[in-house]
Amino acid sequence: MAEHPSYASGIPSENATFNQIPKQEPNALTVDEIPPSDHPMTEVEVEDNGVKLEQSVKLETEEDQKTLLAVLQFLKKNNLARAAAVLEKEADTSNVSALTKTSIGETLSNAEVSSLLSAYSNEADPASYDDNYKMLQKIVESSLDANKWELAQLLYPVFVHMYLELVYNNHDIKARSFFLHFRSSLEDFHHADLQNLASVTSKLQMTGNNFIYSLRSNKFVIRISNESNDLLKRSLQEKNCPLVNNIIREHLLMEIFEGLPRTKTQIEASAGGMCGEPRHEENKAKVYYGLLKEPDIDIPLEDDDEPTDLDTTEGGTSKPKKKKKKEIFSKKNKADPNAPSMTRIPLPELKDADKLERITAAKESLKRVRLGGIDHVAPSVCCYTFTNSLGNVTALDICDDSSLLAAGFLDSHIRVWSLTPRSLRSVKSAAELSVLDKEGEDIFERMMDDCSGVESRTLYGHSGTVYSVSFSPCRTLLLSSSEDGTVRLWSLLTWANLMVYKGHVWSVWDCKFSPYGHYFVSCGQDRVARLWVTDHQHPVRIFAGHFSDVDCVVFHHNSNYIATGSSDNSVRVWDLLTGNCVRIFTGHKKPIMCLAWSPDGRYLASAGVDSQVLIWDIATKVMVGQFTGHTGTVHTLVFSRDGEVLASGSLDNTVKVWDFQQAIWDIDADDVGMHRGHATISDRNYLLSDYPTKSTPIYHLHFTRRNLLLAVGTWINPQSTT
């Protein structure tokens, strides 16, 4: 039986270290950090309002003993020996009778172990499944419009579990007939999941199928009003639908809320998750989405960089009045009340080079073009196009100061270009470095060999397709992830491979550097994301919870959180300190390919195969924007440096710019608090500008510090696609 990612998460070796991040909370997902319990499992102490309670969970019956041994056998068969050993110690299997051990060990097969973990066994008449499902359809159709759309949420999960019950109980022909009869009545966005379901036609195929395991081990969550829930209970009791009642009880989780029923638009906006919508308690954790306070850096302003105001003299003439440096940068230095503590996550200290880089960035920001606003100003776009690439470009990134472009290729190599007149140099030889004056201020410049300057550099090392590349904030390091299951760290000074990080089981789809460096995160086909430290060989956090491939990942601007997008059509936000998932968002109907945080850290944008761009509010925990207009997969998202506009690039050969700030203002005007917990979508079109290309799908977008939009794509010969 295939392992669920929550368990088969590529656990690193016992030498993994965690001294970079404070110890996690007891319920956090950690590796090799939780010591074995000193207390036997038969006595559990629970503290409730200062009172200690004792609960007895002794294995009293033979059935409990059989179940325990079945689980132990399952763990051992799937190479989870450590987990089995801990369970044996905690459960004290010495109390289990020898007869039970012998009978289980001799007669329990893999299929029987699976049956112990299954809830699909049912002796009902196969013909009654059609009747019960038709009755459920009639209940939905005959209900009032106010309740109809909430009750219609039951049709898909009930259909799925009815089909699986028929398959599990060996009614293969009836299951196929049931599937073909009712499949057309379900929403189109379930097409991919229904294709996976249709491939399961026997009980044997259910065992080891990851999709079926996710459905079986997680209840499908449906948010429904109290009014609609009461109507459903009365109708099922009157119509006598025991199979529907059983599936609701065993496989569905009805999350009931007070108030008016949700509208069709609100329900469709949050539908699409493999296991329904997130539960209310899964989004209750507090998220510190504010930005960290900028360090106090003395920023010298040149005469031509200093902004001026006009001051009138006694003679009526005007003379320039210089603003004080303190006024210009005071806004950045104010503490954000929603920001985490500076010491919540250990961050590297700023070096002199980092301070110089921040000074340069601050001075460039003074010349930034203001986008959006009342005048609806659209950005200028510069598009870099790869020609004759024949579809070989698989990964792209541009560094923060827009001076370097990196591309990963299908044949496993990486190439880096300079986007400025300055060539790419390498460090001098060891003999030449030994005679340099190391105390000089320009030591970094004198370390570089001017004679080695070239326009581009090529990096070799991966043994499979390169799926992502990411520059470090200091531009001296480059990350890459590949089909070979590894992440590599490259030096852009020596142009050599520094480190190979192994931990993922299969392909690594994405990797990203932290905005502060030092940390990076990766995600892949093994359905987990991993947090790494550049100077450690093993991951320091493993984020497990998605039901399918984790396709994209991005760091929050304060480096305390990451966001992941998955093929299970959900977006998750994770806390680096605890390792816990603090937000789950559903609404996409197909896999998610890209994510972007707004500059203020409060909003998260996501897009993917379903061609729509969704905006999530981390504070109110709801969807607040839905931008539609693309006709192909959206591969890249980026906010302008001032957060006024959002740009998206797609395989439909277009770049679209959306008036993000206006969309947020409209939501605030409608008072999002009135719809707390429900998606709040405006019907207004927020498309600010559309930039079509002739035949160039856009794979990467980047705003420069002055708000010039850079686009990167690969030209495709239209004749080759016909």
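What you are looking at is a predicted structure, and each value in this text was computed from that prediction instead of being measured.

Rules used throughout
- Residues numbered from 1 in each chain as written.
- Predicted model: local features only at pLDDT ≥ 70, side-chain atom pairs only at ≥ 80, totals over all residues.
- Heavy atoms only, no water.
- Helix = DSSP H or I, 4+ residues; strand = E, 2+ residues; numbered from the N terminus.
- Buried < 20%, exposed > 50% of the residue type's maximum accessible area, 1.4 Å probe, protein only.
- Contact = heavy atoms within 4.5 Å.
- Areas by Shrake-Rupley, 256 points an atom, 1.4 Å probe, with all protein chains shown as cover.
- Pairing = 2+ DSSP bridges.
- Axes fitted to C-alpha atoms, helices over the stretch in contact; angles between N-to-C directions.
- Core = buried A, V, L, I, M, F, W, Y, C linked by side-chain atoms within 4.5 Å.
- Phe/Tyr/Trp six-rings, centres within 6.5 Å; stacked < 30°, edge-to-face > 60°.
- Lys NZ or Arg CZ within 6 Å of the ring centre and 35° of its normal.
- Arc of directions from axis to C-beta.
- Parallel < 35°, antiparallel > 145°, perpendicular 65-115°, else oblique.
- Salt bridge = Lys/Arg side-chain N within 4 Å of Asp/Glu carboxyl O.
- Lys, Arg positive; Asp, Glu negative; His and termini not counted.
- Polar contact = N/O pair within 3.5 Å; in protein donor to acceptor, adjacent residues only side chain to side chain.

### Considering the overall build of the chain
Of the regular secondary structure elements, the chain holds 19 helices and 35 strands. Split into buried and exposed, the 722 residues of the chain put 50% on the buried side. Within the chain, contacts between residues separated by at least 24 positions form 61% of all contacts whose residues are at least 6 apart in sequence. Carbon and sulfur atoms make up 50% of the accessible area of the chain, which totals about 35100 Å².

### Points about the sheet that holds strand 14 (residues 466-471)
With antiparallel pairing, the 4 strands of this open sheet are ordered in space as 14-15-16-17. Each edge of the sheet is formed by a strand with only one pairing partner; in this case those strands are strand 14 and strand 17 (496-502). This sheet shows a mean twist of 20° between the axes of neighbouring strands, independent of strand direction.

### Comments concerning the nonpolar core
In this structure, Tyr133, Leu154, Phe159, Met162, Phe178, Leu197 and Leu252 are the most contacted members of the largest nonpolar core, which totals 47 residues. It is helix 7 (residues 155-168) that contributes the most residues to this core, 11 residues altogether. For leucine 154, the residues in contact, after removing those within four places along its chain, are Leu136, Ile222, Leu232, Ile248, Leu252 and Met254.

### A look at the sheet that holds strand 28 (residues 613-617)
Pairing is antiparallel in the open sheet, where 4 strands are placed in the order 26-27-28-29. Among the strands making up the open sheet, the edge pair consists of strand 26 (592-597) and strand 29 (622-627). Taken over all neighbouring pairs, the strand axes of this sheet differ in orientation by 25° on average, direction set aside. Pairing of strand 27 (residues 603-608) with strand 28 involves 5 bridges; the strand directions are antiparallel. Within the sheet, the bridge partner assigned to alanine 607 lies in strand 28 and is valine 613.

### Things to note about the environment of cysteine 383
If you trace the backbone, cysteine 383 turns up in strand 7 (residues 381-386). We classify cysteine 383 as partly exposed; its relative accessible area is 34%. Apart from the residues within four sequence positions on either side, cysteine 383 is in contact with Ile698 and Ala711.

### Side note on the pairing of strand 23 (residues 561-566)
Within strand 23, 6 of the 6 residues are buried, which leaves the element mostly enclosed by the surrounding structure. In the sheet, strand 22 (residues 550-555) pairs with strand 23 via 5 bridges, with the strands oriented antiparallel. The residue bridging valine 553 from the neighbouring strand is threonine 564, located in strand 23. From the end of strand 22 to the start of strand 23, which pair antiparallel, there are 5 residues, and serine 559 there has a positive phi angle of about 65°. Two elements, strand 23 and strand 24 (residues 570-575), share 5 bridges in a ladder whose sense is antiparallel. Bridging from a neighbouring strand, threonine 564 pairs with arginine 572 of strand 24. Between strand 23 and strand 24, which pair antiparallel one after the other, the connecting turn spans 3 residues, and asparagine 569 there sits at a positive phi close to 70°.

### Re the packing of aromatic side chains
Using the criterion set out here, one finds 20 aromatic pairs in the structure. Judged by centre distance (4.7 Å) and plane angle (65°), the rings of tyrosine 133 and phenylalanine 182 are edge-to-face. Of the two residues, tyrosine 133 sits in helix 5 (residues 127-142) while phenylalanine 182 sits in helix 8 (residues 172-182), which places them 49 residues apart along the sequence. There is no split in this pair, since tyrosine 133 and phenylalanine 182 are both buried. Pairing phenylalanine 513 with phenylalanine 520 gives two aromatic rings, centres 6.3 Å apart and planes at 65°, and the pair type is edge-to-face. Here the two residues phenylalanine 513 and phenylalanine 520 agree in accessibility, since each one is buried. The residue whose ring lies beneath lysine 264 is tryptophan 149, and the NZ or CZ to ring-centre distance is 4.6 Å. One residue, arginine 572, lies across the ring of phenylalanine 547, its end atom 5.9 Å from the ring centre.

### Brief notes about helix 9 (residues 191-198)
Along helix 9, the residues classified as buried are Asp193, Leu194 and Leu197. Projected down its long axis, helix 9 carries its buried residues within an arc of 100°, all on one side. Turning to helix 9, the residues buried within the fold contact helix 7, helix 8 and helix 11 (210-217).

### Some remarks on the packing of helix 7 against helix 13 (residues 242-251)
Running from N to C, helix 7 and helix 13 point in directions that differ by 100°, and their axes come no closer than 10 Å. Between helix 7 and helix 13, the interaxial angle falls into the category roughly perpendicular. Together, Val158, His161, Met162 and Glu165 of helix 7 and Leu243, Val244, Asn246, Ile247 and His251 of helix 13 make up the contact between the two elements.

### Digging into unusual backbone geometry
Even without glycine at this site, histidine 376 takes up a positive phi of about 55°. Turning to its location among the elements, histidine 376 is positioned in the loop between helix 16 (352-365) and strand 7. Non-glycine residue arginine 527 carries a positive phi angle of around 75°. Its relative accessible area of 6% is what places arginine 527 among the buried residues.

### Observations regarding the pattern of salt bridges
Enumeration over the complete set of coordinates arrives at 23 salt bridges. Note that glutamate 277 is salt-bridged to arginine 262, the shortest N-O span being 2.7 Å. Taken as a pair, glutamate 277 in the loop between helix 14 (264-270) and strand 5 (308-312) and arginine 262 in the loop between strand 4 (252-257) and helix 14 lie far apart in primary sequence, 15 residues in all. A salt bridge links arginine 530 to aspartate 526; the shortest N-O distance between them is 2.9 Å. Both residues of the pair, arginine 530 and aspartate 526, count as buried. Each of Glu357, Glu364, Asp400, Asp401, Arg475, Arg641, Arg705 and Arg706 takes part in one network of salt bridges that share partners.

### Some words on helix 13
Note that an α-helix has 3.6 residues per turn; residues three or four places apart therefore point the same way. Along helix 13, the positions that sit buried rather than exposed are Leu243, Val244, Asn246, Ile247, Ile248 and His251. Buried positions along helix 13 lie against helix 5, helix 7, strand 3 (220-225), helix 12 (226-239) and strand 4.

### Considerations on the side chain of arginine 488
Within the fold, arginine 488 resides in strand 16 (residues 486-491). Despite its burial, arginine 488 pairs with no opposite charge; the closest candidate is aspartate 484, at 4.8 Å N-O. Of the polar contacts made by the side chain of arginine 488, one reaches the backbone oxygen of glycine 461; its length is 3.0 Å. A polar side-chain atom of arginine 488 sits 2.6 Å from a polar atom in the side chain of asparagine 497. Setting aside chain neighbours within four positions, we find arginine 488 in contact with Gly461, His462, Leu478, Leu479, Ser480, Asn497, Met499 and Val500.

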